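So you can see what is in the structure, the chains are spelled out below.
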Amino acid sequence: MVSRAVMQQASDYSSQASSSSIADASDFSADMMIEAAWGQLRERLRDRLGETAYRRWIEPVDGKISKDESGQAILTMAVPTRFMRDWIEAHYGDVIRMLWVQVVKKGDVLFVVNSPLAGGIQDQAMAGSSDRAYEAASMPKMEPVAPAAFPSQVSSLASDEAPLDPRFTFENFVVGKPNELAYAAARRVADTETPTFNPLFLYGGSGLGKTHLMHAIAWQIRRNFPNRRVIYMSAEKFMYQFVRALRFKDTVSFKDQFRSVDVLMIDDVQFIGGKDTTQEEFFHTFNALVDRNRQVIVSADKSPQDLDRVEERLRSRLGWGLVADLHPANYELRLGILQAKASKMGCAVPDKVIEFLGHKITSNVRELEGALNRIIAHSQLVGRTISLEMTQEVLADVLRSSERRITIDEIQKKVAEHYNIRVADMHSARRARAVARPRQVAMYLAKQLTPRSLPEIGRKFGGRDHTTVIHAVRKIEELSAYDPTFREDVDLLRRLLQG
Ligand code: ADP
Ligand code: MG
């Protein structure tokens, strides 16, 4: 498991990465960055491949990083067995290389077998037959899958489509206020043969169901119109395919294959940014399909206008159809999702536990699901009934990190920023509505998000009395109750602070 600290470090690195690359950083910080880069790569892979595939294929990998003479960061991914090495390279090799280059700017990836019998990393050629014995001993939990069961993904484009996850169907998608528009749009696209809106642009933060909806569309089209040709692919894969076609001077068939589809879905287009030629190609493919009235569906973590590394004309083109956003799940939807998943798994999870999880795990649906899976797996493995105490115990690490200490100073700063007032006004005696209301919001959030007592909070707000704080809390609750816009505003601030 990647700890929060590493993730934080990794994302810090990512913000630096745009301005400086590893090659020109000083040696000391370069080493640290490189370490962070490995963490960052794993985070991206977890996001890309999903929790299950990530756990099975990436978690056991040992990553070592070195620099070659030309300053390239060489990532050596050592895995316990030859079978795993081949499988990872065949299925995820492209995506890993792609992401690695995004993270470190200049780099390459090697896949090797790490035989514990010989100690340390060594090449498969040297590992000899010993890895086979180790394979049998070390992988009892892995489903026995013959390599031949996985068609080679290298030969033709059609087989390069990502496989569809059988769990990601409309039936398994729980609908609530935060995602109803995206859901309705996805259904419409799947159920009609002529596009009503083209493209359909789905956007929202990580783990909120974009990929799920896209797969659901693909499943549904397969059911409704078995003859329609659907391609679902990540934007990275698209880019990689294109770059490879360029290298092999085979862009004509690349184009033809894409342009002959009825429905093209590209997931996570925020990653398409940067490379001019790929953007250009994407733009043309996109136009060719839309002009011929073929459905295009695109997802991203931002709205079209906010895709900062994407060219202006592509950005505006992406916004022409329907832009539907997925909001973070509210408490109600979180409960709905937990209930649906628990009953799907045939598991009796007490209401108390469901409510507890719904309250505590607010980041995204992926985490929520992960938490539920963990307690169910735990109860099945050790034969313990699921209870609140057991949940708190099993999820101790998750809960700790979601209970990150938020300080009153942070709250004051964020709220002031949000309402565009000075932080000093949090302490001042000014009573004008424009500053008094934000101050009340900050007091309310301080009460909600910190363990501070009312008098302590009062003191932090320019030495006010605790009754002022009580008044503020009541006022905000009251306003939230009858003004949904205001409530959303406060919710947004809460999420920002908890994020
Ligand atoms: P994204 O692509 O937006 O990062 P995913 O589609 O991969 O997110 O969703 C993350 C996980 O959460 C998946 O396992 C998905 O099935 C689940 N999920 C997200 N939203 C819902 C929902 N509304 N109902 C049921 N499951 C959901
Ligand atoms: Mg996704």
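Just so it is clear, the model here is predicted, and its values are computed rather than measured.

Novice: So what exactly am I meant to see when it comes to the site of ligand 1 here?
Specialist: Around ligand 1 sit 18 residues, and of these Val174, Gly207, Thr211, His212 and Glu369 come closest. The side chain of Arg366 places a nitrogen or oxygen atom 3.0 Å from an oxygen atom of ligand 1. When the free accessible area of ligand 1 is taken as 560 Å², the share hidden by the protein chains comes to 94%. Sorting the residues of the shell around ligand 1 by element identifies helix H8 (210-224), helix H13 (331-344) and helix H15 (365-382) as the ones contributing at least two each. The residue inventory of the shell around ligand 1, partitioned by class, reads six nonpolar, eight polar and four charged. Two domains each donate at least three residues to the shell around ligand 1, and these are domain 2 (154-326) and domain 3 (338-401).

Novice: Would you explain the confidence of the model for the protein chain in this entry?
Specialist: Note that predicted coordinates carrying low pLDDT should not be read in detail. Overall, the predicted model of the protein chain reaches an average pLDDT of 80, with 82% of residues at or above 70. In the predicted structure, residues 1-28 sits below a pLDDT of 50 and forms 38 contacts with residues beyond four places in sequence or in another chain. Predicted confidence for residues 116-160 stays below pLDDT 50, and this span has 57 contacts to residues more than four positions away or in other chains.

Novice: Is there a simple way to explain the sheet that holds strand E1 (residues 62-67) in this structure?
Specialist: Whether parallel or antiparallel, the strands of a sheet pair through hydrogen bonds between backbone atoms. Strand order in the open sheet made by the three strands is E1-E2-E3, with mixed pairing throughout. Of all the strands in the sheet, the pair left with one neighbour each is E1 and strand E3 (107-113). The mean inter-strand angle of the sheet, taken between neighbouring strand axes irrespective of direction, is 25°. Where E1 meets strand E2 (residues 73-79), six bridges bridge the pair, whose relative direction is antiparallel. Each bridged residue has a counterpart across the sheet, and for Gly63 the counterpart in E2 is Met77. Relative to E3, helix H4 (residues 82-104) is tilted by about 160°, and along the sheet it contacts E1, E2 and E3.

Scoring rules and cut-offs
Residues numbered from 1 in each chain as written. Chains lettered and ligands numbered in written order. Predicted model: local features only at pLDDT ≥ 70, side-chain atom pairs only at ≥ 80, totals over all residues. Heavy atoms only, no water. Near = heavy atom within 4 Å. Polar contact = N/O pair within 3.5 Å; in protein donor to acceptor, adjacent residues only side chain to side chain. Areas by Shrake-Rupley, 256 points an atom, 1.4 Å probe, with all protein chains shown as cover. Helix = DSSP H or I, 4+ residues; strand = E, 2+ residues; numbered from the N terminus. Nonpolar A, V, L, I, M, F, W, Y, C, P; charged D, E, K, R; others polar. Domains from an automatic or database assignment. pLDDT = per-residue confidence, 0-100. Contact = heavy atoms within 4.5 Å. Pairing = 2+ DSSP bridges. Axes fitted to C-alpha atoms, helices over the stretch in contact; angles between N-to-C directions.

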